[in-house]
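Fold and contact review
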Amino acid sequence: MPPYTGWIAADLPDNRAIAEAFQLLGDLLQLEGADRHRVLAYHRAATRAREEARPLAELALQGRATEVADIGTTLQAKIVELAETGRIAALETARERTPEGLVEVAGLRGLGPKRAMAAHETLGVASLRDLGAALHDGRLADVPGFGKGTIESIGEQLAERAMRAAAPGGERIPLGRGLLIARRLSRELAEAPGVISVDIAGSLRRGRESAHDVDLVASEEHPGAAAAALGASPGSVGDDGVTHARAQAGDGTWVELIAGPAESHGNRLQHATGSAAHNVRLRERAVRLGLSVSQHGIVDADGVRHVHADEAGVYRALGLPDIPPELREDRGEIEAALRDELPQLVRLEDLRGDVHIHTDWSDGRDSLEDMVVAARARGYAYVAISDHSPRLRMARGLDERRLRAQWEAIADVRERHPDITILRACEVDIVAEGLDFEDDVLAELDFVTASLHSGFALSGRELTERVLRAIRSPHVDSIGHPTGRMLGKRDAAPLDIGAIAEAAATTGTALEINGQLNRLDLDADNARTALDAGATLILSSDAHSVMGLDFVENSVLVARRAGAPPDRILNATADLGGRLLAP
DNA sequence: GCCGTTTTCGGCCCGACTGTTTTCAGTCG
């Protein structure tokens, strides 16, 4: 069977549809007060379906969906039912019993299944709209469990939702900006009196694309030192000296801090890094070992609490190797760790060069020589000067005449900096006719990155064809920011990543993980697809200034989330995959 | 409903916080 490419037979439900059905069924059962473990089973299966790369409907029809964790024979049968009849009877009857609109009601902060159902049973509330009406009439106060504070909070949330509906905006913090804030705050905090060390935790540490707040973990000499430095009052101080604090940074970002003694720093860091699902799995395993895990330490069967100064100690106590944060998503990493099969993930220090950078010859801010010096200072063995091709007028793309002039400038800089290999390169546009330079020009370049910068109105099929043509060009070494997405501005082009990854694997063309804050393209899921297909990745900063070279750190984070080892990263090789040896 | 280096049945994470309560259930991460 060919690898899954995202396009499957039109009459089968895709994994997203399966996930939605299980999610809703779980939500409705939860409202009805079903056994919470049964509810959890549906929600877990929904998460699994969302993340599974293979088409579950096909698997289920072959009787193989139970190979996927959290999917047993009952859920497999429901997937088959959905595939064959287009519906799941259990879901339809649950919908008849319980209004679907209550799911949203239960989703409000401070509400949950119990209070949502109380409102339904007392006042007949079946939707957010009903809830708003009951609020205005003053009837909500009649519902058991609805006090003054809860009702006030509901009012605020409904008003907020109405505002957001009028002006939608992402309230989650994108990874790049989140990391900048987190690094600044943790640096400042670490220098405060009484604070010993600070680590970034939460989804930022795991490299998720966005976070809802910044999580920090500190060790301190006395309770409250770190919270005070953050300008927050510590909440309650536990008998082991652990405090929680919450504060708002200057730009409105919420920061959550857990601080305590250095000897239990590892327990707090492990706890606050998550993910929630990973921690649940970890604690389940601990229970089987007769242990109880929390942010305060690990309690053994005799009730004795053990603390750990570093995270590795926590995992060691559970019989596991230190699992990299980027893998802690309950996607089988604990099982892999038990089998000693965790991938060796690429690290920033594995990178030997950056082959996608711009200078002031096109739309970069710094000079060619400044960029080379900065690359050298980072310890790179090579750097590729890859300014834009002529079609990108607004970026002052180079035509052939200016490109050749740049080669002379490169020759000059090479003489002054013999300790780094400077490649003649180009980020050439992928255009309707093929590429934005003739083959004879491309053949003279040391490295060619081909990128989509236009044509995003075309169909996924047409754009995929364009990219495939670029991949098959013997002159193209890598595909830059393959899907062309701009976070918050433009969605990823609907490319057939499976087909692109397969072609790239065949030709040896690298697929880029672009580290620009608004790109992060490929994303971790697509990068994993590329790796599964056998393709090589390349990690690039796409720097437009000396400072911009740092963006490659974001690429590394995304690559690690995808499970990429250094030997699958083109610019982690000393000779750039043999290209530096060519005459 | 899932799952098994103690189990094919009987378990299935932990603690903080909140607001509503008269001692704690529900919610959150």
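Everything in this summary refers to the structure shown in the same document. (Residues numbered from 1 in each chain as written. Chains lettered and ligands numbered in written order. Predicted model: local features only at pLDDT ≥ 70, side-chain atom pairs only at ≥ 80, totals over all residues. Heavy atoms only, no water.)

**Examining unusual backbone geometry**
Most peptide bonds adopt trans geometry, and most residues besides glycine take a negative phi value. Cis peptide bonds are those with omega within 30 degrees of zero, and the linkage from Gly274 to Ser275 qualifies with -5°. Omega for the peptide link from Asp521 to Leu522 comes to 0°, which places this bond in the cis form. With respect to the helices and strands, Leu522 occurs in the loop between β16 (510–514) and α22 (524–532). One non-glycine residue with positive phi stands out, namely His481, at about 20°. With respect to the helices and strands, His481 occurs in the loop between β15 (478–480) and α21 (497–507). For His481, a relative accessible area of 1% puts it in the buried group. (Helix = DSSP H or I, 4+ residues; strand = E, 2+ residues; numbered from the N terminus. Buried < 20%, exposed > 50% of the residue type's maximum accessible area, 1.4 Å probe, protein only.)

**What about the nonpolar core?**
Formed by 92 residues in total, the largest nonpolar core has its most connected members in Leu216, Leu257, Leu351, Leu511, Leu537 and Leu539. No other element matches the 6 residues that helix α10 (residues 175–190) contributes to this core. Per-domain counts for this core show at least three residues from each of domain 3 (174–338) and domain 4 (348–572). When near neighbours in sequence (up to four residues on either side) are disregarded, Leu257 contacts Leu189, Leu216, Ala218, Ala226, Ala227, Leu230, Thr243, His244 and Ala245. In this structure, Leu29, Leu56, Ala118 and Ala134 belong to the second largest nonpolar core, which totals 49 residues. (Core = buried A, V, L, I, M, F, W, Y, C linked by side-chain atoms within 4.5 Å. Domains from an automatic or database assignment. Contact = heavy atoms within 4.5 Å.)

**Considering the packing of aromatic side chains**
Across all of its chains, the model carries 1 aromatic pair by this definition. One Lys or Arg, Arg246, reaches over the ring of Trp254 and ends 4.3 Å from the middle of that ring. Looking at Arg424, its charged tip hangs above the ring of Trp407, at a distance of 4.1 Å from the centre. (Phe/Tyr/Trp six-rings, centres within 6.5 Å; stacked < 30°, edge-to-face > 60°. Lys NZ or Arg CZ within 6 Å of the ring centre and 35° of its normal.)

**Concerning the sheet that holds strand β4 (residues 214–220)**
Pairing in this open sheet of 4 strands is mixed, and the strands run β2-β4-β6-β5 from one edge to the other. Every interior strand has two partners, whereas the edge strands, β2 (195–200) and β5 (243–248), have only one. For this sheet, the mean inter-axis angle between neighbouring strands, taken without regard to orientation, is 25°. As paired elements, β5 and strand β6 (residues 254–260) share 6 bridges and run antiparallel to each other. Residue His244 lies in a different strand from β6, and its bridge partner there is Ile258. The sheet strands contacting α10 are β2, β4 and β6, and the helix crosses β2 at an angle near 170°. Against the sheet, helix α13 (residues 265–273) touches β2, β4 and β6, its axis set at about 175° to β4. (Pairing = 2+ DSSP bridges. Axes fitted to C-alpha atoms, helices over the stretch in contact; angles between N-to-C directions.)

**A short note on the environment of Gly178**
Here Gly178 is to be found in helix α10. Here the alpha-carbon distance between Gly178 and Ala211, two residues 33 residues apart in the chain, equals 7.2 Å.

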